[in-house]
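Fold and geometry: a report
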Amino acid sequence: MRINQLVLLAIGLCLSVAMQAQNFTITGTLKDKDSKQTLEAATVFLETVKDSTLITYTITNQDGFFQLEGRAQEKDARVNISFLGYENFTKNVDLSTGDIALGDIEVAPSTNSLGEVVVKSRAPVTVKKDTLEFNVSSFKTKKDANIEDLLKELPGVEVDESGKILVNGKEVNKILVNGKPFFGDDPTIATRNLTKEIVEKIQVVDTKTDDEAFAGEDGDQESKTINLTISEEKNKGVFGRVAAGGGTDNRFEYAGIVNAFDNERRISVLAGGNNINSAGFSFGEIRKMFGGGRSVYFNGNGSFGIDGRSFGGGQGIVNSRSVGANYTDEYAKGFDANMDYFYSAANSFDETRVERENILPDRRFFTNSDSRNDSNSDNHSINTTINIKKDSTLLINIKPKFSFANSETRFRRTEESLNEDGERINESATNNLVTDEGKNFENTLSVTKKWGDKGAYVRARVQNEINRQESEDFIVSNTEIFGDNPSEINRNQFTDGETKLDGYNLNLTYRVPLVSKKLFLDVDFGHRSDTRKRKRSTFDFDEVTQQYSILNQELSTDFEGRNSRTTPKLGLNLDGEKLNVNVSAGYVFRTLENNDNLRPELDIKQNFEALELDTYVNYRFSPKASMYASLGKSNRPPEVTQLNPFVDVSDPLNIVEGNPNLAPANDYNFYGGFNNYDFQKGGGWYVNGNGRFTNDAIVRKTSIDDNLVSRTTYVNVNGNYSVGAGGGYNKNVKIDSLRSIKYGGGIYTNFGRNVNFNNEVQYASKTRSLTPRVNFTYTWKNLFEVKPSYNISISKTQFGLDAFEDQDFISHNVSLSTALFVPKNWEWRNDINYNYNPNIASDFQRSAVFWNSTLAYSFAKDRATATLKVYDVLDQNTNARRTANANFIQDVQSTVLEQYFMLSLSWKFNTLGKKGETNDGGVFFF
């Protein structure tokens, strides 16, 4: 009852405040006092007179015009205008008057140096060509907020529950601290661990490599990098967090991170583990602390990763452990280094059931299989970046990487194939034990030399890779083929495998300015060579000696291949204030060579030549709107394994043979789009399109005999293409200082044509798909938040053969996220997802409601948090899925994490402060 009363009281107070808010509009035009010229991209912001709280902001357009609009409770406010190189302008206004026209505003050039202007500017946002800078002190957040909390308050910045960040609609893929990496490339490690108090400014720029930034090149204009600037007086101390939790069904998690900052020197150590498929980085809180939950992918070798970092493990249920350390320091002026080490290990298991209907031009057959995979893995990786800046014209960049991994996998599968009458045609049973050990070393050495003041430079880059893989594979299998000519194949074998890769890449770039700092001619020469050795020695089991001692020549291989590519290239690069254009053309000379040491008659050597083109155009109408387009032609040679005429019979039911007459595929690619994001109004829209047309595409050609044994080779076909287009709109409406609404939607459609073969019959399938989505968020600050969303996926495939029926698929997804922030120090979040796929086979689960719920309580001055988490409240989690093409319709269901309850506790500490002073929450427990 007490909680309900508190909720009603909070709602009443919020309604009372909301009724006092008034709408306002403030307009004006900024001009140079002497020349009377209008000033574009000046920052105009409105703040309260009482406590300088930011109300809203904008920037002047190309005509110097600005318009501030919104809704506020405060009557007395102050307009501030800040522009680099000019005196600041301030004026108090009365918002209760509604529309306020300030007319022409003339400002004089500043008598201070530019450096002083930047330091003393109070502007919440500063725009400088490709840099957007936020003044942290202008944005109010809750006490002890982290960077992720702060980013959510910045205009034009969006952060989703997984930690993914968008700035003006473009994704952030890198976080820097004082211009240097912080624990690799996972942004969430920085945004969920660093607190707002230590950060002075947040800068947003186009993502660039160290080389590109040094040479003044354009970076990746479709992705962003955030640089967190920490003031010197707050850049010294220790901070971090530790947490642990336990639950039902023996579920557990633990994690900790400690950071020690001493100006340029930074040391961070983290560790974690769990058996809830979170890569060892879950902190049991409603918002997880570092890592976890982003871009999770699974590999065929039993490992999984997040944002490109491998953690071991596999599909199904994963028990993972991770330890990492990061060290950054500037050893001398112009010499700095960043190093990190990661260890990860995992145990996993997965059971999978597959039901497949195989479609042939003259008949159909059915395949059913059950399998189980158990794996253990250990991975070590070391990454280092060293920058040596001898002076302002010379940069030496060195990036060595080393990794070591080993794994053990046990796999078993039973499979049967039946004809349309349900008669069994063949069946097989397989048991595997595979151990792998891999070592990999990569290094990049880059030297960039600039000269003059027009943008000229020369760059030499050398990359090399040394990779060694060793494996031992024990297999026991039984294959039976029934029918008029029955046969049985039994195998008890051991295979010793070894793979070696030695590669290097040389690149030389020379930039000649044609127009100072605007138009450049780029002359580029590249050469890459990879030599790969693949050896597999297979031995049959000798019943007499009880040893694997009989060499099986048919299944053994000893290949040595080389892929060599030389590419001279010319390019033109225009770098304007608003227009960027890059056009380049290169000619490829490639040699593919493969020697078969066991079968010399199968040696092959192929030479390929091709023209490659690449163009890119980007035009910025304003800081709010931009247009981009790209068109290119690329050449993809066949893989050596596709060219090699070796017949692979390792799977008796699926025999594969290469084709030495394959030609390289030629891809013609394009993409383009338009972004219009008004960061003052908190919304915008975008449209984009892309496509690929391929000539001489390399596809599989499979024939299946009466015993359902398939034989596959590779051929070239023409006419493959894929064209897609989409768009979206989102809007953030601030009702008042407490309530806001976000809504949006989008749609994506794709048309594709693929030429393939079905039992020697060539066909062209055409697929059309449509995926609309809508989302809505209602937030009542410090009270509650509601986020419903819906998307539907519709596809239709036509195969162009009378024997094949067209395939129509539809799936629905409805989600609802809620958060309740009362009473004080409590937070209750729910995430509910409903999936419905009516096309799944009747014996698979077609729909499910997946509901996760967490309740958190903060205490000890918000340094401690206790969390109760319920995973899969309704116990309906499923991953049943259907895929289809002209060859088959397949339903798959595998192991998933099931319902559990978990209680966790976390503690955060921080000794960062001014000039050695410490804040509350020290590291006494250490």
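Rules used in this analysis
What you see as residue numbers is a count from 1 along each chain, following the sequence as written. Reporting of local features is limited, given that this is a predicted model, to residues whose pLDDT is at least 70; pairs of side-chain atoms are given and counted only at 80 or more, and all residues count toward the totals for whole chains, interfaces and linings. Neither water nor hydrogens contribute to the side-chain values; these are computed over all heavy atoms in the structure. Each patch is built from salt-bridge-free residues with over 30% relative accessible area, joining like charges within 9 Å and nonpolar side chains (Val, Leu, Ile, Met, Phe, Trp, Tyr) within 5 Å. Surface accessibility in these figures is a Shrake-Rupley result with a 1.4 Å probe; residues are shielded only by whichever protein chains are displayed. Throughout this description, the term salt bridge denotes a Lys or Arg side-chain nitrogen within 4 Å of a carboxyl oxygen of Asp or Glu. Elements are defined by DSSP. Helices are runs of H or I of four residues or more, strands are runs of E of two residues or more, and each kind is numbered from the N terminus. Relative accessible area decides the class of each residue, using a 1.4 Å probe on protein chains only: under 20% of the type maximum gives buried, over 50% gives exposed, and in between gives partly exposed. As used in this record, nonpolar core signifies buried Ala, Val, Leu, Ile, Met, Phe, Trp, Tyr and Cys residues forming a set joined through side-chain atoms within 4.5 Å. Contact definition: two residues touch when any of their heavy atoms are within 4.5 Å. N or O atoms closer than or at 3.5 Å make up a polar contact, with two conditions inside protein: a donor-capable atom paired with an acceptor-capable one, and, for residues adjacent in sequence, both atoms drawn from side chains. Positive charges are assigned to Lys and Arg, negative charges to Asp and Glu, while His and the chain termini are left out of the count. All charge positions are set by atom: Lys at NZ, Arg at CZ, Asp at CG, Glu at CD. Paired strands, as defined in this entry, are two strands with at least two bridges between them according to DSSP. Fitted lines through C-alpha atoms serve as axes, helices being fitted only where they are in contact, and the angles separating the N-to-C directions of these axes extend from 0 to 180 degrees. To pair, rings of Phe, Tyr and Trp, with the six-membered ring standing in for Trp, must have centres within 6.5 Å; the planes then decide the type, stacked if under 30 degrees apart, edge-to-face if over 60, and tilted in the middle. Placement of a charge over a ring requires the Lys NZ or Arg CZ to be within 6 Å of the ring centre, with the centre-to-atom vector within 35 degrees of the ring normal. As a per-residue quantity, pLDDT reports the predictor's confidence and falls between 0 and 100.

1. Here's the deal with a nonpolar patch on the surface
Together, Trp-826, Trp-828, Leu-855, Tyr-857, Phe-859, Leu-868, Leu-903 and Leu-905 give the surface a local cluster of nonpolar side chains, amounting to about 720 Å² of exposed area. Elements with a contribution of two residues or more to the nonpolar patch: β46 (826–836), β47 (847–859) and β51 (900–910). With 3 residues, the single largest contributor to the nonpolar patch is β47. Note on placement: Trp-828 falls in strand β46. Take Trp-828: its relative accessible area is 40%, and that puts it in the partly exposed class.

2. What about the nonpolar core?
If you look at the biggest cluster of nonpolar residues, it comprises 37 residues, and the most contacted ones within it are Phe-134, Leu-151, Ile-165, Leu-194, Ile-202, Ile-226 and Leu-228. Setting aside its immediate chain neighbours within four residues, Ile-202 contacts Leu-132, Glu-133, Phe-134, Val-136, Leu-150, Leu-151, Leu-154, Ile-226, Asn-227 and Leu-228. Counting residues in each nonpolar core, the second largest holds 23 residues, with Leu-68, Ala-77, Ile-81 and Leu-95 among its members.

3. Some thoughts on the side chain of Asp-206
Mapped onto the elements of the fold, Asp-206 is located in strand β14 (residues 199–207). According to the relative accessible area criterion, Asp-206 is buried, its value standing at 9%. Within the structure, the side chain of Asp-206 is placed 2.6 Å from the side chain of Lys-224, a separation counted as a polar contact.

4. Concerning a negative patch on the surface
Negative charge collects at one region of the surface, where Glu-437, Glu-470, Glu-472 and Asp-496 lie side by side. With respect to the helices and strands, the residue Glu-437 is situated in strand β26 (residues 424–451).

5. Thoughts on the sheet that holds strand β6 (residues 89–94)
Reading across the sheet, the 4 strands line up as β3-β2-β5-β6 and stay open at both edges, with antiparallel pairing between neighbours. Where the open sheet ends on each side, the last strands, each with one partner, are β3 (54–59) and β6. Across the sheet, the mean angle separating the axes of adjacent strands is 20° when strand polarity is ignored. Where strand β2 (residues 43–48) and β3 come together, 5 bridges link them in antiparallel fashion. Each bridged residue has a counterpart across the sheet, and for Glu-47 the counterpart in β3 is Leu-54.

6. Some thoughts on the packing of aromatic side chains
Applying the stated criterion across every chain, the model contains 25 aromatic pairs. Plain terms: the ring middles of Trp-451 and Tyr-510 are 5.9 Å apart, the flat faces sit at 25° to each other, and that makes the pair stacked. With a gap of 59 residues between them, Trp-451 in strand β26 and Tyr-510 in strand β28 (residues 487–515) connect regions that are remote in the sequence. When its relative accessible area of 37% is taken as the criterion, Tyr-510 is described as partly exposed. Ring pairs connect the aromatic residues Phe-474, Phe-494, Phe-541 and Tyr-548, which therefore count as one cluster. Over the ring of Phe-520 we find Arg-511, and its NZ or CZ is 4.5 Å from the ring centre. Here the basic side chain of Lys-701 rests over the ring of Phe-757, its NZ or CZ set 5.1 Å away from the ring centre.

7. As for the pairing of strand β35 (residues 647–651)
Bridging between β35 and strand β36 (residues 654–657) involves 3 bridges; their strand directions are antiparallel. Its bridge partner being in β36, Asp-648 is matched across the sheet by Val-656.

8. A closer look at unusual backbone geometry
Peptide bonds are trans in most cases, and residues, glycine excluded, mostly fall at negative phi. A cis amide bond links Val-822 with the next residue in sequence, Pro-823, at an omega value of -5°. Structurally, Pro-823 is set in the loop between β45 (807–820) and β46. Phi angles above zero are rare outside glycine, and Asp-249 is one such case at about 55°. Inspection of the secondary structure puts Asp-249 in the loop between β16 (236–247) and β17 (252–262).

9. Observations concerning the pattern of salt bridges
One side chain can pair with another of opposite charge once the charged atoms of both are near each other. Per the counting criterion, the structure on display carries 30 salt bridges. Linking Lys-500 and Glu-498 is a salt bridge whose minimum nitrogen-to-oxygen distance equals 3.7 Å. Classification of Lys-500 as partly exposed rests on a relative accessible area of 29%. A salt bridge links Lys-787 to Glu-785, with the shortest nitrogen-to-oxygen separation between them at 3.9 Å. On the basis of relative accessibility, which here comes to 24%, the residue Lys-787 falls in the partly exposed class. With relative accessibility at 15%, the residue Glu-785 sits in the buried group.

10. Thoughts on the sheet that holds strand β40 (residues 710–717)
Read from one edge to the other, the open sheet built from 4 strands follows the order β35-β36-β40-β39, with strand pairing classed as mixed. The outermost strands of the open sheet, each flanked by one partner alone, are β35 and β39 (697–704). Each neighbouring strand pair of the sheet contributes to a mean axis angle of 30°, computed without reference to strand direction. Two strands pair when backbone bridges link them, and β39 and β40 are joined in this way by 8 bridges, in the antiparallel orientation. Directly across from Ile-698, in β40, lies its bridge partner Asn-716.

11. So, the environment of Phe-608
Of note, Phe-608 is situated in strand β33 (residues 604–622). Taking the C-alpha atoms as reference, Phe-608 lies 8.1 Å from Leu-592; in sequence the two are 16 residues apart. Those residues in contact with Phe-608, other than ones at most four positions away along the chain, are Val-588, Phe-589, Arg-590, Leu-592, Pro-637, Pro-638, Leu-662 and Pro-664.

12. So, the confidence of the model for the chain
Taken over all residues, the pLDDT of the chain has a mean of 83, while the share at 70 or more is 87%. Within the chain, the lowest mean pLDDT, 33, falls on strand β19 (residues 296–298), and the highest, 95, falls on strand β27 (residues 456–481). The low-confidence segment residues 13–19, where pLDDT is below 50, has 9 contacts with residues more than four positions distant or belonging to other chains. In this model residues 915–926 is a low-confidence stretch, pLDDT under 50, and it forms 25 contacts with partners more than four residues away in sequence or in other chains.

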